[in-house]
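# Inside the fold
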Amino acid sequence: MKQTKNRLLGAFIAAIAVALALVIAFESEWLSVGFWADASQADFLLTTVLELLSLAAIYLAMRLFRLQSVRLQLVAGKEQALLRWGLCRIAVLAVPLWLDTFLYYAFLTVAFGYLAIILLIAMVFVYPTLNKCIYETTPDDEQ
C-alpha cells in the first residue's frame, strides 16, 4: 500500500509541478503572454466551457470513489485498482488546471485564473495519504 501511495503522491506533485512550470514559463516571458487577448468570441466560448468542465471535474473527482462500480473494484482489487482510479482522479483535476492556467495567460482573462485557483484548492482534497488509501480500499461494512 505504501508503494501505491508513493506513486499517487508522485503523480499529485507532478500535476501541480506542470501547472507551476506553466506559470514560471509565462511569468519569465519564455512564452508570450496575451497572444489571444483580442479573440473575444473564443474567450467567451472557452470561459464558458472551462467553467463547466472545471465544476464537473471537481464534482467527479470528489464523488469518483463513491460510484458503485469503482467502489467494488477498489475493495476487490485493492492496490491495483487504487492506483488506476487514484491516477484517474488526479488527472480529472489536473487537466482542467493546466488548461485554465494556460488560457489565463493566453487570454489574460481573470476567470481562468480563478478557476485554476479553485482547482488547486480542490487538489488538496485528493491528496494521497496512507490512511486515506487504506480507508478507500476498506469495505463499507468494516468502516
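Refer to the structure presented above.
The shown structure was predicted, so the numbers you read here are calculated from the model rather than taken from an experiment.

So, about the overall build of the protein chain. Summing up its helical and strand segments, the protein chain has 6 helices and 0 strands in all. Seen through its principal axes, the protein chain has C-alpha atoms that stretch 55 × 30 × 20 Å. The burial tally for the protein chain puts 38% of its 143 residues in the buried class. The long-range share in the protein chain, meaning contacts at least 24 apart out of those at least 6 apart in sequence, stands at 80%.

Direction vectors running N to C along helix α3 (residues 68-77) and helix α4 (residues 79-107) enclose 140 degrees, while the axes themselves pass 6 Å from each other. The angle between α3 and α4 falls in the class oblique. Two secondary-structure elements touch here, α3 through Val70, Gln73, Leu74 and Gly77 and α4 through Glu79, Gln80, Ala81, Leu82, Arg84 and Trp85. Tallied by class, residues from the contact of α3 with α4 come to 5 nonpolar, 3 polar and 2 charged.

As a further point, take the packing of aromatic side chains. Aromatic ring pairs are described here by two measures, namely the spacing of the ring centres and the angle between the planes. Under the criterion given, the structure shown has 6 aromatic pairs. Here the aromatic rings of Phe26 and Tyr105 are separated by 4.8 Å at their centres, their planes lie at 5 degrees, and the arrangement is stacked. Of the two residues, Phe26 is situated in helix α1 (residues 2-27) and Tyr105 in helix α4; the sequence distance between them amounts to 79 residues. On the basis of relative accessible area, Phe26 is assigned to the buried category, the value being 1%. Given the relative accessible area of 8%, Tyr105 is considered buried. Aromatic rings pair up to connect Phe26, Phe35, Phe102, Tyr104 and Tyr105 into one cluster.

One finds Phe65 and Leu93 to be the most contacted residues of the largest nonpolar core, which totals 26 residues. Sorting elements by how many residues they give to this core places α4 first, with 9 residues. Excluding residues that lie within four positions of it along the chain, Leu93 makes contacts with Ala57, Ile58, Ala61, Met62, Leu119, Ala122, Met123 and Val126. Counting residues in each nonpolar core, the second largest holds 6 residues, with Leu50, Leu103, Phe107 and Leu115 among its members.

Moving on, we come to the layout of surface pockets. Estimates place the volume of the largest pocket at around 210 Å³. Forming the walls of the largest pocket are Ile16, Ala19, Leu20, Val23, Leu97, Thr101, Tyr104, Tyr105, Gly113, Ala116, Ile117 and Leu120. Its residues assigned to classes, the lining of the largest pocket shows 10 nonpolar, 2 polar and no charged.

Procedures and definitions
- Residues numbered from 1 in each chain as written.
- Predicted model: local features only at pLDDT ≥ 70, side-chain atom pairs only at ≥ 80, totals over all residues.
- Heavy atoms only, no water.
- Helix = DSSP H or I, 4+ residues; strand = E, 2+ residues; numbered from the N terminus.
- Buried < 20%, exposed > 50% of the residue type's maximum accessible area, 1.4 Å probe, protein only.
- Contact = heavy atoms within 4.5 Å.
- Axes fitted to C-alpha atoms, helices over the stretch in contact; angles between N-to-C directions.
- Parallel < 35°, antiparallel > 145°, perpendicular 65-115°, else oblique.
- Nonpolar A, V, L, I, M, F, W, Y, C, P; charged D, E, K, R; others polar.
- Phe/Tyr/Trp six-rings, centres within 6.5 Å; stacked < 30°, edge-to-face > 60°.
- Core = buried A, V, L, I, M, F, W, Y, C linked by side-chain atoms within 4.5 Å.
- 1 Å grid on protein atoms, 1.4 Å probe; cavity = no way out; pocket = protein on both sides within 12 Å on 5 of 7 lines; lining within 4 Å.
- Points joined across faces, edges and corners; volume = space filled by probe spheres on them.

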